[in-house]
Amino acid sequence: AKHAGRGQAVCYQPGMIEQIAARRQLEQDIDVAIEQRQFHLAYQPILSLNDDRIVGYEALIRWNHPIRGSVSPVDFIPLAEETGQILAIGQWVLEEACREAASWADDQSVAVNISPVQFKSPSLTGCIATALAESGLSPHRLEVELTETALVTDGKALAHILVELRALGIKVAMDDFGTGYSSFAHLRDFPIDRIKIDRSFVAAALTDSHAMAVLRAITQLGRDMHVPTLAEGVETQDQLDLVRRLGCDDVQGYLIGKPERLDVAPMAEKQYA
Ligand code: C2E
Ligand code: CA
Ligand code: CA
Ligand code: CA
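Computed from a prediction, not measured in an experiment: that's the story for all the values here.

### A few points about the packing of helix α3 (residues 86-102) against helix α5 (residues 124-135)
Thinking step 1. The N-to-C vectors of α3 and α5 enclose an angle of 30 degrees; their axes lie 9 Å apart at closest approach. As summarised for this structure, α3 and α5 are arranged roughly parallel, according to the angle between their axes. Seen along the crossing, α3 lies across α5 with a hand that is right-handed. Contacts between α3 and α5 involve Q91, L94, E95, C98, R99 and A102 from the former and C127, I128, T130, A131, L132, E134 and S135 from the latter.
Thinking step 2. Considering only residue class, the contact of α3 with α5 consists of 7 nonpolar, 3 polar and 3 charged.

### Notes on the pattern of salt bridges
Thinking step 1. Enumeration according to the criterion identifies 9 salt bridges in this entry.
Thinking step 2. Note that R194 and E143 form a salt bridge whose closest N and O atoms lie 2.7 Å from each other. With R194 in strand β7 (residues 194-197) and E143 in strand β5 (residues 142-146), this pair connects stretches of sequence that are 51 residues apart.
Thinking step 3. The class of R194 is buried, set by a relative accessible area of 11%.
Thinking step 4. With a relative accessible area of 5%, E143 lands in the buried category.
Thinking step 5. Across the pair R166 and D193 runs a salt bridge whose closest N-O atoms are separated by 2.9 Å. Residue R166 is found in helix α7 (residues 155-167), and its partner D193 is found in the loop between α8 (183-189) and β7; the two are separated by 27 residues along the sequence.
Thinking step 6. One connected set of salt bridges, linked through shared partners, spans E58, E145 and K196.

### Re the layout of surface pockets
Picture a little ball the size of a water molecule; that probe, rolled over the atoms, points out where space is still empty.
Thinking step 1. Roughly 1,000 Å³ of volume is contained in the largest pocket.
Thinking step 2. Surrounding the largest pocket, 33 residues form its lining, E58, L60, P73, N113 and D175 being those nearest its centre.
Thinking step 3. Of all the secondary-structure elements, those providing two or more residues to the lining of the largest pocket are β2 (53-65), α2 (73-83), α3, α4 (116-119) and β6 (171-177).
Thinking step 4. Among the residues forming the lining of the largest pocket, the class breakdown is 14 nonpolar, 9 polar and 10 charged.
Thinking step 5. Empty space within the second largest pocket amounts to approximately 290 Å³.

### Observations concerning the site of ligand 1
Thinking step 1. By nearness alone, 20 residues border ligand 1, and Q44, R62, N113, E235 and Y254 come closest of all.
Thinking step 2. At 3.4 Å, a side-chain N or O of R199 approaches a nitrogen atom of ligand 1.
Thinking step 3. A distance of 2.5 Å separates a nitrogen atom of ligand 1 from a polar side-chain atom of E235.
Thinking step 4. Burial of ligand 1 by the protein chains amounts to 83% of its free accessible area of 800 Å².
Thinking step 5. Counting only elements with at least two residues in the shell around ligand 1, the list comes to β2, α2 and β6.
Thinking step 6. Top contributing element to the shell around ligand 1 by residue count: β2, with 4 residues.
Thinking step 7. Residues that form the shell around ligand 1 fall into these classes: 8 nonpolar, 5 polar and 7 charged.

### Notes on the pairing of strand β4 (residues 109-113)
Thinking step 1. Across the 5 residues that make up β4, a large majority, 4, are buried.
Thinking step 2. In the sheet, β2 pairs with β4 via 4 bridges, with the strands oriented parallel. Counted as the bridge partner of A59 is V112 from β4.
Thinking step 3. In terms of strand pairing, β4 meets β5 through 4 bridges, oriented parallel. Bridging from a neighbouring strand, A111 pairs with E143 of β5.

### Description of the environment of A157
Thinking step 1. When you line up the elements, A157 lands in helix α7.
Thinking step 2. In this structure the C-alpha to C-alpha distance between A157 and K120, which are 37 residues apart in sequence, comes to 9.4 Å.

### As for the coordination of the calcium ion (ligand 3)
Thinking step 1. Coordination of the calcium ion (ligand 3) by the protein is provided by E58 (OE), N113 (OD1), E145 (OE) and D175 (OD), with metal-donor distances spanning 2.1 to 2.4 Å.
Thinking step 2. The sequence pattern formed by the donor residues of the calcium ion (ligand 3) is E-x54-N-x31-E-x29-D.
Thinking step 3. A spacing of 3.9 Å is found between the calcium ion (ligand 3) and the calcium ion (ligand 4), which share D175 as a donor. Of this pair, E58 sits in strand β2 while D175 is found in strand β6, placing the two residues 117 residues apart along the sequence. Residue E58 shares its accessibility class with D175, and that shared class is buried.

Cut-offs and rules
- Residues numbered from 1 in each chain as written.
- Chains lettered and ligands numbered in written order.
- Predicted model: local features only at pLDDT ≥ 70, side-chain atom pairs only at ≥ 80, totals over all residues.
- Heavy atoms only, no water.
- Axes fitted to C-alpha atoms, helices over the stretch in contact; angles between N-to-C directions.
- Helix = DSSP H or I, 4+ residues; strand = E, 2+ residues; numbered from the N terminus.
- Parallel < 35°, antiparallel > 145°, perpendicular 65-115°, else oblique.
- Left-handed = near helix turned anticlockwise from the far one by under 90°.
- Contact = heavy atoms within 4.5 Å.
- Nonpolar A, V, L, I, M, F, W, Y, C, P; charged D, E, K, R; others polar.
- Salt bridge = Lys/Arg side-chain N within 4 Å of Asp/Glu carboxyl O.
- Buried < 20%, exposed > 50% of the residue type's maximum accessible area, 1.4 Å probe, protein only.
- 1 Å grid on protein atoms, 1.4 Å probe; cavity = no way out; pocket = protein on both sides within 12 Å on 5 of 7 lines; lining within 4 Å.
- Points joined across faces, edges and corners; volume = space filled by probe spheres on them.
- Near = heavy atom within 4 Å.
- Polar contact = N/O pair within 3.5 Å; in protein donor to acceptor, adjacent residues only side chain to side chain.
- Areas by Shrake-Rupley, 256 points an atom, 1.4 Å probe, with all protein chains shown as cover.
- Pairing = 2+ DSSP bridges.
- Donors = N, O, S within 2.8 Å, 3.2 Å for Na, K, Ca; no water.

Next comes the structure, spelled out in structure tokens:
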């Protein structure tokens, strides 16, 4: 660290220069990745508890870096959001997911994560319309997942975009529900087709009575408002039994299936009763 005198602005934290260089390198690598198509999508199955079958898949981006190997989205999406590269990545994700889903043997839905940066960009509805048109995917099979950060914008603009998305015939899910400050207000004010309950509640519910109370309250709320709920991150049979008992409509998690590449038709179905 460099100790600057009073009034002098320069003060480097240890490792800061290295950090800046690493970020710049990562940003360049992302540009190359976009150009050279180093990304692919993995799909995680969504099981309907109401009719015991896989009704859809969430598309999750994967980056196979030529030197660093597999890079987690957690390690590059935030930077791509800062640099704006997420717009190109996000458009590719939308087009690829629609294109692949259109080739599936069955008519399962595909859920695509939308970054707040994409959501706030005026090109979002156009991007989605293009992806649908080019793939021929039926709009009702596409669901976009928004996090609360995306929804924190002025109410009028938000309502307008949600109406536009609806008009395309696609569905809108609220991702990581319960982790933000205004999940409930948004649910009250805006048309949402599905609540995805954050996996932290599912993970803790069986050992933490507060997490259990929140999980129960969200499922009850979804029922009362006629909005289907999906429990994320179900890893054990006990968790599956619990969310079934609480009345969740759908589940997703390692117990049902990990995100995997779908080269051909979706995986054979298993029984979870
Ligand atoms: P998310 O949207 O909440 O996605 C769910 C994450 O939880 C995925 O991590 C998934 O692999 C993981 N997961 C699923 N089931 C389980 C489980 O049973 N246990 C545990 N411990 N984890 C489980 P992943 O693929 O690493 O993605 C992390 C985050 O990166 C996503 O969180 C999403 O916010 C973001 N992301 C991924 N793909 C995209 C994308 O195409 N576009 C954007 N904008 N963000 C993406
Ligand atoms: Ca750049
Ligand atoms: Ca998601
Ligand atoms: Ca989530």
